[in-house]
Amino acid sequence: MIRISIFLMLVSLNCLAQKPTIYGIGDSTMANKPLANENPERGWGQMLPLFFNDNITIDNRAVNGRSTKSYIDLKLWDAVYNSLKKGDYVFIQFGHNDGKVTDSTRYTNPHTAYRHNLIRFVTQTREKGATPIIFSSITRRNFNEQGVLISTHADYTLEARLVAQEYNVPFIDMEYYTEILEMKYGPEKSKQLHLHYKVGENLFFPAGKEDNTHLNVKGATEIAKIAITELKKTNLDLGKYIKN
């Protein structure tokens, strides 16, 4: 009886150890935000556990302010790489901070360093038997006076798409689908997706806030839904981990 119990325990531990993990690597639009003091900000990767069942683990390693360059230079990628195992997934979304032309610690040329950093994430993920998925950056709420939504990502989305095509990586064009979302809400109502608060309206931002890049709970949840919808359309077996 004791031997059977020990055997069952070992089987259970082995099954637990083999449970796949989704790692999220990216910037602040994807990252987990602190929940203390009623902070309304969320990253869309922070909302993913709402949509997956308990048979997969979500480990969101996206970090505020990171580009592909700084994510590598600060050894954040090494930490993910060393944790990867066969059957895992890596959700890759960079671009917002790679375009910081005034910051040499983060800026990357989209056609050279940015491209090669994405290739590194892809190839090293596959070395571990894990599956990379490239996401383009979500759009910013950047409407002009005529109500036209203007892209701020230049060639970063293009290069993300090209790397995905060249290396046969699933590609989720988050910029395109979030453009649709922002335009559906329109120039004024799209503020409801972001950190837009008048003075005294929100205790976390008592002086008010006007942030067209980062997301509140509503915005992050809507964008996580987009990611889930598009993931279902791929040939990946992630569908079995997504809640009905």
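I will try to describe carefully the structure that is included in this document. What you see is a predicted model, and the numbers here were worked out from it, not measured in a lab.

1. Remarks on the overall build of the chain
The helix and strand inventory of the chain stands at seven helices and eight strands. For 244 residues, the compact-globule estimate of 2.2 N^0.38 gives 18 Å, and the C-alpha radius of gyration of the chain, at 19 Å, lies within 12% of that figure. By residue count, 49% of the 244 residues in the chain fall in the buried class. In the chain, once contacts between residues fewer than 6 apart in sequence are set aside, the share between residues at least 24 apart is 73%. Carbon and sulfur atoms provide 53% of the accessible area of the chain, an area that totals close to 12500 Å².

2. Remarks on a nonpolar patch on the surface
Residues Y176, I180 and M183 make up a contiguous nonpolar surface patch of about 290 Å² in total accessible area. Here I180 lies in helix α6 (residues 174-189). Given the relative accessible area of 38%, I180 is considered partly exposed.

3. Observations concerning the sheet that holds strand β4 (residues 89-93)
Pairing in this open sheet of five strands is parallel, and the strands run β3-β1-β4-β5-β6 from one edge to the other. Across the chains shown, the open sheet's two edge strands, defined by having one partner strand only, are β3 (57-60) and β6 (171-172). Contacting β1 (21-26), β4 and β5 (131-135), helix α4 (residues 113-127) runs over the sheet at an angle of about 155° to β5. Along the sheet, helix α7 (residues 217-232) makes contact with β4, β5 and β6, crossing β5 at roughly 125°.

4. Thoughts on the sheet that holds strand β2 (residues 41-42)
Strand order across the open sheet formed by three strands is β2-β8-β7, with antiparallel pairing between neighbours. The open sheet terminates on both sides in strands that have one partner only, identified here as β2 and β7 (194-197). Against the sheet, α7 makes contact with β2 and β8 (209-216), and its axis sits at roughly 35° relative to β8, the strand it touches most.

5. Observations regarding the packing of α4 against helix α5 (residues 156-166)
Where α4 contacts α5, the axes come no closer than 10 Å and their chain directions differ by 40°. Judged by the inter-axis angle, α4 sits oblique to α5. As α4 runs across α5, the sense of the crossing is right-handed. Facing α4, whose interface residues are Y114, R115, L118 and I119, α5 presents Y156, E159, A160, V163 and E166.

6. With respect to the pairing of β1
Most of β1 sits inside the fold, with six of its six residues counted as buried. Side chains T21, Y23 and I25 project from β1 onto one buried face, and the interleaved I22, G24 and G26 project onto a second face that is buried too. In the sheet, β1 pairs with β3 via four bridges, with the strands oriented parallel. Each residue of the ladder has a partner; that of Y23, found in β3, is D59. With five bridges joining them, β1 and β4 adopt parallel strand pairing.

Procedures and definitions
- Residues numbered from 1 in each chain as written.
- Predicted model: local features only at pLDDT ≥ 70, side-chain atom pairs only at ≥ 80, totals over all residues.
- Heavy atoms only, no water.
- Helix = DSSP H or I, 4+ residues; strand = E, 2+ residues; numbered from the N terminus.
- Rg over C-alpha atoms; globule rule 2.2 N^0.38 Å.
- Buried < 20%, exposed > 50% of the residue type's maximum accessible area, 1.4 Å probe, protein only.
- Contact = heavy atoms within 4.5 Å.
- Areas by Shrake-Rupley, 256 points an atom, 1.4 Å probe, with all protein chains shown as cover.
- Patch = residues over 30% accessible without salt bridge, like charges linked within 9 Å, V, L, I, M, F, W, Y side chains within 5 Å.
- Salt bridge = Lys/Arg side-chain N within 4 Å of Asp/Glu carboxyl O.
- Pairing = 2+ DSSP bridges.
- Axes fitted to C-alpha atoms, helices over the stretch in contact; angles between N-to-C directions.
- Parallel < 35°, antiparallel > 145°, perpendicular 65-115°, else oblique.
- Left-handed = near helix turned anticlockwise from the far one by under 90°.

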